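# Examining the three-dimensional arrangement
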Amino acid sequence: MDKEMYLVLENGEVFKGKSFGAEIDTKDATMGEVVFTTGMAGYLETLTDPSYCGQIVVQTFPLIGNYGLIPSDFESRKCYLKAYIVREWCQEPSNFRSEGAIDTFLKEQGIVGLYGLDTRRLTRTLRENGTMNGCIVSEEKRIPEALEAAKGCHPQGLVQEATCPRNYAEGPEDSKYHVTLVDLGMTDCFKRYLLERGARVHVVGAYTKAEEILKDHPDGILLSNGPGSPEAEPEILAEVKKLAESGVPIFGIDLGHLMLAGALGGKLTKLKHGHRGANQPVRYLPTGRVYISSQNHGYAVDMDGLPQGAKATFVNLNDGTCEGLSYEGIPALSVQFRPGNDEGMVDTGFLFDQFMQMMEVDANAAE
Amino acid sequence: MPLNKDLKKVMVIGSGPIVIGQAAEFDYAGTQACRALQEEGLEVVLINSNPATIMTDEAMADHIYIEPLTLETVKRIIEKEKPDSILSTLGGQTGLTLSMQLAKEGFLESHGVRLLGARPDTIDKAEDRQIFKDTMLSIGEPCIPSKVVNDLESALEFADEIGYPVIIRPAFTLGGTGGGIASDVEEMKEIASNGLRMSPITQILVEKCISGWKEIEFEVIRDAKGNSITVCSMENVDPVGVHTGDSIVLAPAVTLANKEYQMLRTAAINIVQSLGVEGGCNVQFALHPESMEYAVIEVNPRVSRSSALASKATGYPIAKVATKIAIGYTLDEIKNAVTGTTYACFEPTIDYAVVKLPKWPFDKFVYAKRTLGTQMKATGEVMAIGTSFEQALMKAVRGAEISLDTLNMPRLKELSDEEVFSRVSECNDERLFVIFEALKRGMSVEKIHEITMIDEWFLNKLLHLVRFEEELAKTELTQELYHEAKVLGYPDKAIERISGQKIPRHERAVFKMVDTCAAEFAAQTPYFYSTYDEENEAEEFIAAKQDTKPTIIVFGSGPIRIGQGIEFDYASVHCVWSLKKAGYQVAIVNNNPETVSTDFDTADRLYFEPLTPEDVMNIIEVEKPYGVVVAFGGQTAIKLTKFLDQAGVRILGTQADSIDMAEDRERFDELLEELKIKRPQGHTVFTLEEALGAAHDLGYPVLMRPSYVLGGQNMIIAHSDDDIREYMDIILSHNIENPVLIDKYFMGIEIEVDAICDGEDILIPGIMEHIERAGVHSGDSIAVYPAWNLSESLSQKIINHSKKLAVALKTKGLVNIQYVIFDNEVYVIEVNPRSSRTIPYISKVAGVPMVDLATRCMLGEKLKDMGYGTGLYRRPQYMCVKVPVFSFEKLIDVDVQLGPEMKSTGEVLGIGRTLDEALYKGLVAAGYKMKKDGGIFITVRDRDKNEIAEIGEKYAKMGFKLYATAGTAEILRDAGMTVIEVPKIHENPEYNSMTLVESGDINYIISSSAKGRLPQKDSVKIRRKAVEHSIPCLTSLDTANALADSLMSKYSQDNTELVELNDMKH
């Protein structure tokens, strides 16, 4: 019988579950912001999404791990989660590409897993109270201690943890487009979309100075997704401001979008429980069309505090929050959601095409 | 775009009678559509020949026509009502095909009627095999290698080219009628020629067989602006090869990695975009289990059975949204009714597992071929929601009413290992249980996967249950182990049985909400399912409502099956509405995803749960109702009566004791004696000797049935000692311990009464008379209302008997009584103090809201205060004829001869000023082509021979050419008719009754035989052949006689009156 474990939330609520993945020492505790994601398929992408860095992630779909472990589907090189909470994990996964069960992966990655609890109750608590910190312990008597720990938990250095340790480049060297991808905790798909469009992608660490980036005269800059909030990273914000003022076309995604808007004076707000899942409807204002998008963020640009000269291009159909911006005088576009041209985000791939076009225009103007 | 302002009056075409492949889901869809249209202030004209539906209720549309769903009739209604538009996509294949024909002929355009929902080119792209293939190719979506052919030769040629096995799919047929898999030339010849014949455009698709691939479905909704969403993905447990209607289905798909899932989702959306669908669309894929290769199997650009399932599985009202889109709205303008705050333009996400299990009619059709393939055979389905696959599957199984509460099928226990292992390869309705048994006996998951190609994910879940049961049997039943059993879906009784131990402390189920969004948003839907967990949302929901009104629980009728169809859903829903009106909070319990009762806005709260004692008790504990209602949910709900009564639950209406009195033979006999009402004499026997003795005492013919089932199951009429021997052999070989009942059988006129009783008074809205004499199950008889040749004295006697019986049984609510009149004497056959099959149509035609009045009686009101009087209600101005509809073409080897066991799946109604007119319309609605020339083949059993001459005469007079087998021919000749004598099958291989039927010279067959059922009998073969060739086959002389009269009448589809239901009552 698997060991019992306790998740203690900041508000004092306790959830009892069982251990899988990495074991937790009796003296140890795992802490982080507890968030839920509503995606039904895509747990591998969730496990390897650096935007979850430092968070305890709850899957609302109860059956997780059904198609096992498929490393080629990972979105980054490792798992950045603090802990993973599911109702039931699949011990006998089935898929022709599967290389094992998720339990093995979590153990390998040292990620604590919790299963067998009322994940719907937990989700409802997070929905009603807003995102909270939580602390996982393996002994009932340590619950009060865990509560204090949860209250005092302030995760820091998330981008530092999630960004790439060293710069590298991929794609044809003689490409017409040299794109610098600022890795704030990137999921690999964005690099892939650029490569698919023939670009040479220079991936640089999150803390790379603007001067250093600009000195190579990139044709475009992509600010990637990543964990946490821009406010926690004033250093990066300052560099993004410089990049924005450089006149090089910029595409901001997720955290990159928040960084860009924040750097240009936009007001950011924390959402009550964030948007995490694969079913978020966003309206593209220029055409009125609605697209279903994949999202993972806890902050948003305040619609009443857009950066000067910025215009909303996308809004969330459910709660009216800002999902995308265009900027007057700056060749930049940014979106809060995860645009894509595979993985079911059939239609928002056009944003990458727009970005390529911006680089084209910019190159023509330069000639 | 908001509502299109040009629209004022919309016509909705329903789907007609329930047949296999087109069941109650279209009543649910049609009802949602009508409501959605009315909500927008549009005038609605509705046509549907099915009187048992809720959509044909007076409040559902402004103008309602229960008229034949034929092109001619629909045209006439359009000319009369002048709608400006017609909604084509909510009435199943029937509605779609009719709409398309109207559009293609230019009729709609010339009458200024706009086609809503789907354009003809969209329908063609989806339904015409070749255009579909071309369209898919043009957008780069892979199809299965296939070819459309119009003759057998080309079919054989192509099959040769792509290699066997191949699948044959006829164009434009319901539920794949006439299709199949051919593994060699011989099979190909048979199936292909049959398919060509079944297709209205003589066209079939021959395609490469990809059996064993995963079968994945997506429900997509698209609006005119191009916004598209997928509502739900579904994975068939049974891989490609078994019709999706016959597959166990899990929602959402689970064995697909995100890459595969997104690949198919993208493909589904691309397809729907390319077809230009505006509304709901179902897309079916085959996915290679070991590569990313896939193929599009089929696209249905309309609301379907799968969309009903997806709707109920997610809470997303597809039919309603599709309707709003059809009249101009876009997805981002339609509110999500579940949350009330978000919009319909999002993709539902669920936090539970949903399992659908088909309900097959093989318990009724013991000789039917049980093999499952591309031809759908299920009559209905159950859905179950759980937090795990195991839990949902277990709920589905115990809710399917197949006498199982786990996956252990007792019969399989007796088989040897070899027998069990070899049966794993048989793809039939019992395969799930055979696999479970095989796993228990040690067959490996890999091996079973190899044989069945069922994904190992599912097999491992079954193995999990096997292992768990092993543990349960050998370890101490701790509270923790018990909890685990509950989470896996085991009822207490099963836990005790398997473990051999008493359960520790009973654990209460908790209820979770179905909210389309996995709790991301606060939802307002009172839609719940049970599980074993921490938080009880139903309890919370009820407490938060602070409603002081008392609560009543209504139990629904479960899956659609032969004998218990949509009528009981009609009654359940009406009961809910009446209770709400009377000031109660109402909770409904049902597990059928195809119905209106399981729409979350029908009652105050919906519990999507199996209707078994433990499951309903869980709900009672949460709801703490003032009382419960069992009278409207058919046998499913009635079966709960005893248990509920013993558990001290207040049953509203007729009490358990009365129900028992009506069902228990001895008690019922005593009652009749007391009331001095006659019934056919009978005996109870256990052995063959006793049976023979009883039969001799009563005199043949006698009616035989086991005492443990009701409703005509396993009944026969015995005419000789041989019949008795054969029957008793079957019964005794099944080790049935209950006695067999033998009754004197009267070949009389059957009369049926539906009445409402308040305990003192009775209101009879009408007396029905069957065209067929007793012996044909009342559900299969053509019934006429009001009775047309009942003498005043007999009529009075029936009214008196009915009142006496209803009052003596202390009936409060509905009661259905069947009588037989023989030699001018009234005998009672059966009394059912509950709702019956005929309630919906009698209510509509008589204009008496029977369920409403019955519900009020249950609550204590008196009939005399309700304004409808007491005694026999006034005679309506119209005659109505209910005609049964069968699904024989779907059920291979089933004898079509009618008898005491019910065989029909649905019914239609003909309404006219005279019996002739009503009968004519009823027959047309039931699908009779009413051909007035050609040949008629007559071959009847000896005891029918003295009556056949008179009937033959009628056909002869009309100019039919008479064919008959020797015995029958002699009678007809003696009566002065010209007859062509036809040899029996074995008498002449070149020319015989079979070749005659195949020749195409025959338009009608009258066939009866002393014994039917056995597929190898000549008579059964001929009748089956008739089904294959769509030749009406009349097995009762009364039906044949009525048909002749109708053919001779002056009526045609051009001159019948179009009766508007709402006008008719005024």
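Worth saying up front: this structure is predicted, and the values here are computed from it rather than measured.

## Digging into the overall build of chain A
Looking only at helices and strands, chain A has ten helices and 19 strands in total. Against the 2.2 N^0.38 benchmark of 21 Å for 367 residues, chain A shows a C-alpha radius of gyration of 20 Å, consistent with a compact globule. A principal-axis box enclosing the C-alpha atoms of chain A has dimensions of 70 × 45 × 40 Å. The proportion of buried residues among the 367 residues of chain A is 60%. Long-range pairs, those at least 24 residues apart, make up 73% of the contacts in chain A with a sequence separation of at least 6.

## As for the overall build of chain B
Secondary structure assignment for chain B yields 38 helices and 39 strands. Here chain B has a C-alpha radius of gyration of 28 Å; the compact-globule value for 1066 residues is 31 Å, and the two agree. Seen through its principal axes, chain B has C-alpha atoms that stretch 75 × 70 × 65 Å. With 1066 residues in all, chain B has 61% of them scored as buried. Intrachain contacts of chain B at a sequence separation of at least 6 include 70% that bridge at least 24 residues.

## Some words on the domain arrangement of chain A
Residue and element names in this part refer to chain A. If you check the domain split of chain A, you get domain 1 (4-155) and domain 2 (159-366). Taken residue by residue, the interface counts 19 residues in domain 1 and 21 residues in domain 2. Elements with a minimum of two residues in the side of domain 1 that touches domain 2: β3 (30-37) and α3 (119-129). Looking at which element gives the most residues to the side of domain 1 that touches domain 2, the answer is β3, with three residues. Classifying every residue of the side of domain 1 that touches domain 2 by side-chain character gives seven nonpolar, nine polar and three charged.

## A word on the sheet that holds strand β7 (residues 166-170) of chain B
All names here are of chain B. Here we have four strands laid out as an open sheet, ordered β6-β9-β7-β8, and antiparallel in their pairing. Each having just a single partner strand, β6 (146-149) and β8 (180-182) make up the two edges of the open sheet. Within the sheet, the average angular offset between the axes of one strand and its neighbour, ignoring direction, is 25°. Running over the sheet, helix α8 (residues 185-198) touches β7, β8 and β9 (204-208) and is turned about 15° from β7.

## Here's the deal with the sheet that holds strand β36 (residues 961-964) of chain B
Strands belonging to one sheet form pairs held by backbone hydrogen bonds; the direction of such a pair is parallel or antiparallel. All names here are of chain B. Spatially, the five strands line up as an open sheet ordered β37-β36-β35-β38-β39, and their pairing is parallel. Of all the strands in the sheet, just β37 (979-981) and β39 (1033-1034) have a single pairing partner and so form its edges. The sheet strands contacting helix α34 (residues 966-974) are β35 (935-939), β36 and β37, and the helix crosses β37 at an angle near 160°.

## Re the interface of chain B and chain A
On the side of chain A, 41 residues touch chain B, which itself brings 45 residues to the contact. Where the side of chain B that touches chain A is concerned, the elements lending two or more residues are α9 (258-275) and α17 (456-474) of chain B. Looking at which element gives the most residues to the side of chain B that touches chain A, the answer is α9(B), with seven residues. Each residue belonging to the side of chain B that touches chain A can be placed in one class, and the counts come to 20 nonpolar, eleven polar and 14 charged.

## Things to note about helix α19 (residues 492-499) of chain B
All names here are of chain B. All of the buried residues in α19 are Ala494, Ile495 and Ser499. Down the axis of α19, the buried side of the element spans an arc of 115°, and every buried residue falls inside it. Looking at the buried positions of α19, the neighbouring elements they touch are α17 and α18 (479-487). Gly500, located one to two residues past α19, shows a positive phi value of around 70°.

## A look at the pairing of strand β16 (residues 290-301) of chain A
Along any regular strand, the residues point their side chains to alternate faces of the sheet. All names here are of chain A. By the criterion of burial, β16 is predominantly enclosed, with twelve of the twelve residues buried. As paired strands, strand β15 (residues 268-284) and β16 are joined by ten bridges and run antiparallel to one another. Paired with Gln280 across the strands is Ser293, a residue of β16. The antiparallel pairing of β15 with β16 creates a hairpin that spans five residues between the two strands, and Gly288 there sits at a positive phi of about 85°.

## Points about helix α25 (residues 656-663) of chain B
Residue and element names in this part refer to chain B. The complete set of buried residues in α25 reads Ser658, Ile659, Met661 and Ala662. With its buried residues spanning 160° around the axis, α25 presents them on a single face. Looking at the buried residues of α25, the elements they touch are α23 (634-638), α24 (641-646), α26 (665-675) and β31 (825-832).

## Here we look at the confidence of the model for chain A
Predicted confidence across chain A gives a mean pLDDT of 93, with 98% of residues reaching 70 or more. Mean pLDDT in chain A bottoms out at helix α10 (residues 350-366) of chain A, which sits at 85, and peaks at strand β6 (residues 83-85) of chain A, which reaches 98.

## Re the domain arrangement of chain B
All names here are of chain B. Examined at the domain level, chain B breaks down into domain 1 (9-116), domain 2 (145-209), domain 3 (355-499), domain 4 (510-652) and domain 5 (930-1048). A separation of 30 Å is found between the C-alpha centroids of domain 1 and domain 4. Taken together, the ten residues of domain 1 in the interface contact eleven residues of domain 4. Across the side of domain 1 that touches domain 4, the residue classes tally to six nonpolar, two polar and two charged.

## Thoughts on the pairing of strand β19 (residues 332-335) of chain A
Residues and elements named next belong to chain A. Taking every second residue as pointing to the same face, both faces of β19 are buried, with Ala332 and Ser334 on one and Leu333 and Val335 on the other. Strand direction decides the pairing type here: strand β14 (residues 250-253) and β19, joined by four bridges, are parallel. Following the sheet pairing, Ile250 is matched in β19 by Ala332. The pairing of strand β18 (residues 322-327) with β19 spans three bridges and is classified as antiparallel. When the sheet's bridge partners are listed, Leu325 is paired in β19 with Ser334. Hairpin connection, β18 to β19: the antiparallel pair is bridged by four residues, and Gly329 has positive phi, about 80°.

## Thoughts on the packing of helix α7 (residues 152-162) of chain B against α8(B)
All names here are of chain B. As a packed pair, α7 and α8 sit with axes 10 Å apart at the nearest point and diverge in direction by 135°. In this view, α7 runs oblique relative to α8, as classed from their interaxial angle. Crossing geometry of α7 relative to α8 is assigned as right-handed. Contacts between α7 and α8 pair Leu152, Ala155, Leu156 and Ala159 from the former with Val185, Met188, Lys189, Ala192, Ser193 and Leu196 from the latter.

## Some thoughts on the confidence of the model for chain B
Of all residues in chain B, 98% have pLDDT values of 70 or greater, and the mean over the chain is 92. This complex was scored by the predictor with a pTM of 0.94 and an ipTM of 0.94.

About the thresholds
- Residues numbered from 1 in each chain as written.
- Chains lettered and ligands numbered in written order.
- Predicted model: local features only at pLDDT ≥ 70, side-chain atom pairs only at ≥ 80, totals over all residues.
- Helix = DSSP H or I, 4+ residues; strand = E, 2+ residues; numbered from the N terminus.
- Rg over C-alpha atoms; globule rule 2.2 N^0.38 Å.
- Buried ≥ 20, exposed ≤ 12 C-beta atoms within 10 Å, placed from the backbone.
- Contact = placed C-beta atoms within 7 Å.
- Domains from an automatic or database assignment.
- Nonpolar A, V, L, I, M, F, W, Y, C, P; charged D, E, K, R; others polar.
- Pairing = 2+ DSSP bridges.
- Axes fitted to C-alpha atoms, helices over the stretch in contact; angles between N-to-C directions.
- Arc of directions from axis to C-beta.
- pLDDT = per-residue confidence, 0-100.
- Parallel < 35°, antiparallel > 145°, perpendicular 65-115°, else oblique.
- Left-handed = near helix turned anticlockwise from the far one by under 90°.

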